Amino acid sequence: MNRHKPTYFRNSLDLRDKVQVKILRKRLKLSDAQFTSVVRKSGSSISAITKEASTLK
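Now for a description of the structure that goes with this document. (Residues numbered from 1 in each chain as written. Predicted model: local features only at pLDDT ≥ 70, side-chain atom pairs only at ≥ 80, totals over all residues. Heavy atoms only, no water.)

## Regarding the overall build of the protein chain
Next, step 1: Within the protein chain, the secondary structure is distributed over 3 helices and 0 strands.
Next, step 2: N-terminal to C-terminal, the α/β element order of the protein chain is α-α-α.
Next, step 3: A buried classification covers 19% of the 57 residues belonging to the protein chain.
Next, step 4: Approximately 4900 Å² of the protein chain is accessible, and the part contributed by carbon and sulfur atoms is 53%.
Next, step 5: Positive and negative charge centroids in the protein chain, built from 14 and 4 side chains respectively, lie 4 Å apart. (Helix = DSSP H or I, 4+ residues; strand = E, 2+ residues; numbered from the N terminus. Buried < 20%, exposed > 50% of the residue type's maximum accessible area, 1.4 Å probe, protein only. Areas by Shrake-Rupley, 256 points an atom, 1.4 Å probe, with all protein chains shown as cover. Lys, Arg positive; Asp, Glu negative; His and termini not counted. Charge placed at Lys NZ, Arg CZ, Asp CG, Glu CD.)

Structural data, given as structure tokens:
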């Protein structure tokens, strides 16, 4: 069986991966609603998410 290995990018967040979302949300110390609004504003780039989350605090 040949399986396609998923490709992950270091600087972008895969919103379908629950583990990645949970780890980043806990690291930024945001609630679910706050995290959702930050991702809607900034997109899936991790650096943009952290920058936007720092403006909330």
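Back to the write-up after that little detour.
## So, the environment of Gly43
Next, step 1: Tracing the backbone through its elements, the reader meets Gly43 in the loop between helix H2 (32–42) and helix H3 (46–56).
Next, step 2: Expressed as a C-alpha distance, the spacing of Gly43 and Gln20, which sit 23 residues apart in the sequence, is 15 Å.

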